[in-house]
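For reference, the chains in residue letters:
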Amino acid sequence: MPDAGATHNGREDIQSSPKPLAEPDIEHAVVADDPRAWSHARKLVVVATVSAASMIAGLGGNIYNPSISQIEEQLHASSGAISLSLSLFILIQGGVPLLWSALSEFWGRKRVYLVSTALCMIGCIVAALSKTIGVLIGMRCIQAVGSSAVISLGAATLADIFEPSQRGTMMGLYYSAPLLGPSLGPILGGALTQGFDWRATFWFLAIFVGICFLLFIPFKDTFRRERSLVYQAALKRRLAHDFAKGSEASSLSQITAVSRIVPETGKKAEVEPTSDSTGTEGEGGIAALARDIDLEKQQKPPVPTDIDAAEPLEEVKLSLADVNPVKPIIHVLRRMNNLTILTASGLIFAFSYSISYTCSRTLANKYEYNALKIGLVLLSFGVGSLFGSVLGGRYSDHVFRKLKARNNGSSEAEMRLESTVVPMLFLPPSVIAYGWVCERHVSVAAICVMLFLAGFFSICIYSSTLAYIVDANTGRSSSAVATNSAFRGFSAFVASEVAVPLQDAIGDGGLYSLWTGILILSELLILLVWWKGGAWRRKWELEERSA
């Protein structure tokens, strides 16, 4: 039996238990105003603020869908141009978080939140005033850039303030908000379009984004540079570069100074290479001076080989020139456990996007529902996703704490994935049942039930994989979540492009039979990470530490 106090003292266990592959435990480096020491109420305010802002992405992607026919008529737009505005929004929203993530490692979370929401608000205002479809598409792209920051930084912000044993629950609460966006978006869009016109949807978005911008002004930044591997690596590069430049300048100045006081004959004898020298004249002179007087050691200490995460770092100011968004992403992707779980996560998200998109067409074409009724039916998928996110997150934390206590207070990130086994059993039957319910044109009540179940079980799994991505990438949480956003954005882009042709060719029954097979594959990938992910992760941690 495990010690009864092991679970209660989970935070102390994480801090004190030995981690043979940590280099050190940068996640628990001592920092000023530690966000993890904040009061529970203050943490909940952070969660509420970030969750509200995370709704921008979902609302922005769906709120103007009911007004598409009106936009085509007023702006003389083709269906291809409208589809381009939808696809580009998804693609950009998935890829740009990679840049926001890199910037947050130097600017901090707050500044990125402010800049991104301001950019999104500008895009919404200009879109509401646009006179041509080209301007509208361009502003949709600006909206996507601005709304994408919270997608990656929201989860990283929660990682800043919560311990691993608490993250599943909080990730569930956080992710429940953006899930409401795709469900509430069509309802709000339909109501605003019927009551006013399509421009009202963008004015509504501008007001909502403006409120989020105001909420971020008093927001207390949760980012601490001492706990960021990306910042630490950039800081080491900057110090090494500055030291190399300083050493070169110091050596040249010392040679010049010595040359001025040494007599001409002495100078000649000193600078000329000896018979044993194999270098050039300049190299011989520097070598001779280095043998006689170690000037560099007198003037400058050697560059540190390691930087203590607990030391204050205010003396070095990094700039945008130090931002390299590619390298952190490479560090994330070269780990097999990350690549596998990101693929599985992207497939689950693509399914969620596909089912809401094709369900709208099915309800409009086969059941002759208007925009408002379609939004109300899709709300069942959003409610199921909401319950799946909250309850799935709590269950994920319960399983994580139980396994940690059973393991004498020691934990592994892969323990969290055991919580996905139960919803894995029910997701495929729910999906294939939804497809054939739509195919047979049965009662809409049956469609609502299947949408609820599909949303519940898919997000139960997704929230656990998202928490795992954070736990398995200590010090790189924002880069890891941004990479996850890129995977899911690309997957949703592909799903949106192929959904309609497949739906027209093989029907809802065939389409969601195909999706059932894809989701079974994604479940097998998650189980593979649960089984082998720990060994893969430790292998790369050891190689990175050795390097």
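One can find the structure itself at the top, above this paragraph.
Residues numbered from 1 in each chain as written. Predicted model: local features only at pLDDT ≥ 70, side-chain atom pairs only at ≥ 80, totals over all residues. Heavy atoms only, no water.

Caption draft 1: Here's a closer look at helix 11 (residues 199-216). Compared with an ideal rise of 1.5 Å per residue, which puts 18 residues at 26 Å, helix 11 spans 26 Å between its outermost C-alpha atoms and is within 8% of the ideal. Along helix 11, the residues that are buried comprise Arg199, Ala200, Thr201, Phe202, Leu205, Ala206, Phe208, Val209, Gly210, Cys212 and Phe216. (Helix = DSSP H or I, 4+ residues; strand = E, 2+ residues; numbered from the N terminus. Expected span 1.5 Å × (residues − 1). Buried < 20%, exposed > 50% of the residue type's maximum accessible area, 1.4 Å probe, protein only.)

Caption draft 2: Looking closely at a nonpolar patch on the surface. A grouping of Ile122, Ile125, Val126, Leu129, Val135 and Trp203 is seen on the molecular surface, where their side chains present a nonpolar patch of about 490 Å² in accessible area. A total of 4 residues in the nonpolar patch trace back to one element, the largest contributor, which is helix 7 (residues 109-129). Residue position: Trp203 is located in helix 11. Trp203 gets classed as partly exposed once you look at its relative accessible area, which sits at 37%. (Patch = residues over 30% accessible without salt bridge, like charges linked within 9 Å, V, L, I, M, F, W, Y side chains within 5 Å. Areas by Shrake-Rupley, 256 points an atom, 1.4 Å probe, with all protein chains shown as cover. Salt bridge = Lys/Arg side-chain N within 4 Å of Asp/Glu carboxyl O.)

Caption draft 3: View of the packing of aromatic side chains. A complete count under the given rule lists 12 aromatic pairs for this structure. Seen from their ring centres, Trp198 and Phe202 are 6.1 Å apart, and the 85° between their planes marks the pair as edge-to-face. What makes Trp198 buried here is its relative accessible area of 0%. The exposure class assigned to Phe202 is buried, which follows from its relative accessible area of 0%. Taking the centre distance of 6.4 Å and the plane angle of 80° together, the rings of Phe351 and Tyr512 count as edge-to-face. You can see Phe351 sitting in helix 17 (residues 336-366) and its partner Tyr512 sitting in helix 21 (residues 477-546), a full 161 residues away along the chain. For the pair Phe351 and Tyr512, a shared accessibility class is recorded, and that class is buried. Put simply, the rings of Phe387, Phe426, Phe452, Phe456 and Phe457 touch in pairs and so form one group of aromatic residues. The ring of Phe400 has Arg416 sitting right over it, with the charged end atom 4.7 Å from the ring centre. The ring of Phe349 carries Arg488 above its face, with NZ or CZ at 4.4 Å from the centroid. (Phe/Tyr/Trp six-rings, centres within 6.5 Å; stacked < 30°, edge-to-face > 60°. Lys NZ or Arg CZ within 6 Å of the ring centre and 35° of its normal.)

Caption draft 4: Representation of the packing of helix 3 (residues 40-62) against helix 9 (residues 149-161). Closest axis-to-axis distance for the helix 3/helix 9 pair is 9 Å, and the angle between their directions is 170°. Classified by the interaxial angle, the pair formed by helix 3 and helix 9 is roughly antiparallel. Taken together, the residues of helix 9 that come into contact with helix 3 (itself represented by Lys43, Val46, Val47, Val50, Ala53, Ser54 and Ala57) are Val150, Ile151, Gly154, Thr157, Leu158 and Ile161. Split into classes, the residues belonging to the contact of helix 3 with helix 9 amount to 9 nonpolar, 3 polar and 1 charged. (Axes fitted to C-alpha atoms, helices over the stretch in contact; angles between N-to-C directions. Parallel < 35°, antiparallel > 145°, perpendicular 65-115°, else oblique. Contact = heavy atoms within 4.5 Å. Nonpolar A, V, L, I, M, F, W, Y, C, P; charged D, E, K, R; others polar.)

Caption draft 5: Spotlight on the nonpolar core. Leu136, Tyr434 and Ile447 are the most contacted members of the largest nonpolar core, which has 109 residues in total. It is helix 20 (residues 444-471) that contributes the most residues to this core, 16 residues altogether. Ignoring anything within four residues of it in the chain, the contact list for Ile447 reads Cys359, Leu363, Tyr367, Tyr434, Val437 and Cys438. (Core = buried A, V, L, I, M, F, W, Y, C linked by side-chain atoms within 4.5 Å.)

Caption draft 6: Quick peek at the packing of helix 19 (residues 421-439) against helix 20. Packing of helix 19 against helix 20 leaves a shortest axis separation of 8 Å and a crossing angle of 150°. What the angle tells us is that helix 19 and helix 20 run roughly antiparallel. With respect to the hand of their crossing, helix 19 and helix 20 are arranged in left-handed fashion. In contact with Pro423, Met424, Phe426, Leu427, Ser430, Ala433, Tyr434, Val437 and Cys438 of helix 19, helix 20 contributes Ala446, Ile447, Met450, Leu451, Leu453, Ala454, Phe457, Ser458, Cys460 and Ile461. Within the contact of helix 19 with helix 20, the residues separate by chemical class into 17 nonpolar, 2 polar and no charged. (Left-handed = near helix turned anticlockwise from the far one by under 90°.)

Caption draft 7: Highlighting the layout of surface pockets. Of the pockets and cavities examined, the second largest pocket occupies roughly 780 Å³. Lining the second largest pocket are 29 residues, with Asn65, Ile68, Tyr357, Ser360 and Arg361 positioned closest to its centre. Broken down by secondary-structure element, the contributors of at least two residues to the lining of the second largest pocket are helix 4 (68-74), helix 5 (79-95), helix 10 (164-195), helix 17, helix 18 (371-406) and helix 21. The class makeup of the residues in the lining of the second largest pocket is 16 nonpolar, 10 polar and 3 charged. (1 Å grid on protein atoms, 1.4 Å probe; cavity = no way out; pocket = protein on both sides within 12 Å on 5 of 7 lines; lining within 4 Å. Points joined across faces, edges and corners; volume = space filled by probe spheres on them.)

Caption draft 8: Structural context of unusual backbone geometry. A positive phi angle, near 55°, is found at Glu368, a position not held by glycine. Position of Glu368 relative to the elements: it lies in the loop between helix 17 and helix 18. Taking relative accessible area as the criterion, Glu368 reaches 69% and is therefore assigned exposed. For His441, which is not a glycine, the phi torsion comes out positive at approximately 55°. In this structure, His441 sits in the loop between helix 19 and helix 20.

Caption draft 9: Structural context of the environment of Gly510. In this structure, Gly510 sits in helix 21. Taking C-alpha positions, Gly510 is 8.9 Å from Ile432, a pair spaced 78 residues apart along the chain.

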